[in-house]
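The lines below spell out each chain.
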Amino acid sequence: MPPTPLLHRLVVTAALTTAATVGALAPAGATPLPLPLPFDGESSDRLVITVSQSGDPDDASTFVLGCHPTGGTHPRARAACAQLDSQTVWGRDPFAPVSPDAMCTGQYGGPATARVTGHWAGRPVNAWFNRTNGCEIARWNRFSVVLRTPGS
């Protein structure tokens, strides 16, 4: 059964009224503004650092490091954030593991291990550190303040 002329007029009038109202509320050529991202702690520069098997119970620990703004439980948070900032270069993962093709010296730096998780520079981080050869020791040393290497 075809719609009645009265029903057809009501539908068309309602559609035109809605379109006119929406058009009047938005300025010509305007694009909608993006919604602000909720702060959930996941998008900020926040890392959880766990150091173990260091040989010294005082050095083995877990702490939180927040940067931009600086905070957390890391004992040298400002210095650690500065070290991370100096390692951060656009397009390069500062936490990238040593390449499997790298030629590394056979020196051994001890059984210490570390794990860093969280978010840095807008990207998720899940990095493991050890001191099993020269390349891994050099990588560890680039993060000496972050990982709380004794003497740093």
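Figured I'd write up the structure that's included with this text. (Residues numbered from 1 in each chain as written. Predicted model: local features only at pLDDT ≥ 70, side-chain atom pairs only at ≥ 80, totals over all residues. Heavy atoms only, no water.)

**Remarks on the pattern of salt bridges**
The criterion, for reference: When a carboxyl oxygen of Asp or Glu is within 4 Å of a side-chain nitrogen of Lys or Arg, the pair counts as a salt bridge. Note on conventions: DSSP H or I runs of at least 4 residues are helices, E runs of at least 2 residues are strands, and numbering of each starts at the N terminus. Relative accessibility decides the category of a residue: with a 1.4 Å probe and only protein chains considered, values under 20% of the type maximum give buried, values over 50% give exposed, and everything between is partly exposed.
This structure, assessed with the given rule, holds one salt bridge. Glu136 is paired through a salt bridge with Arg139; the nearest N and O atoms lie 3.7 Å apart. Remark: Arg139 and Glu136 occur in helix 3 (residues 134-142); sequence separation between them is three residues, near one turn of the helix. Accessibility classification places Glu136 together with Arg139 in one group, the buried group.

**Observations regarding helix 2 (residues 77-87)**
Put simply, the rule reads: Along the arc lie the directions from the helix axis toward the C-beta atoms.
Turning to helix 2, its buried residues number three or more, namely Ala77, Ala80, Cys81, Gln83, Leu84 and Gln87. Buried residues along helix 2 cover an arc of 160 degrees about the axis, so they all sit on one side. Facing away from the buried side of helix 2 by more than 90 degrees, the exposed set consists of Arg78 and Ser86.

**Some points on the sheet that holds strand 1 (residues 45-52)**
Heads up, the rule is: In this scheme, strands are said to pair when DSSP sees at least two bridges between them. By the convention used here, residues are in contact when the closest approach between their heavy atoms is within 4.5 Å. Simply put, an axis is a line fit to the C-alpha atoms, just over the touching stretch for a helix, and the angle between two N-to-C directions goes from 0 to 180 degrees.
Spatial ordering of the open sheet is given by 3-2-1-4-5, a layout of five strands whose pairing is antiparallel. Only two strands of the sheet have a single partner each, and these edge strands are strand 3 (71-72) and strand 5 (123-130). Taken together, the two bridges between strand 2 (residues 61-67) and strand 3 define a ladder with antiparallel strand orientation. Across the sheet, residue Gly66 finds its bridge partner in strand 3, namely Gly71. This element, helix 3, spans strand 1, strand 4 (113-120) and strand 5 of the sheet and lies at about 125 degrees to strand 5.

**Topic: the state of the cysteines**
Applied cut-off: Here, a disulfide means two cysteine sulfur atoms that sit within 2.5 Å of each other.
Taken as a whole, this structure holds two disulfides when the rule is applied. The side chain of Cys67 participates in a disulfide bridge whose partner is Cys81; the two sulfur atoms lie 1.9 Å from each other. What sets the handedness of the Cys67 and Cys81 disulfide is the S-S torsion sign, and at about -90 degrees it is left-handed. On the criterion of sequence distance, the pair formed by Cys67 in strand 2 and Cys81 in helix 2 is long-range, its members being 14 residues apart. Judged by its relative accessible area of 2%, Cys67 is buried. What pairs with Cys104 in a disulfide is Cys135, and their sulfur atoms sit 2.0 Å apart. Measuring handedness by torsion sign, the sulfur bridge of Cys104 and Cys135 sits at about -105 degrees and is left-handed. With Cys104 in the loop between helix 2 and strand 4 and Cys135 in helix 3, this residue pair connects regions lying 31 residues apart in the sequence.

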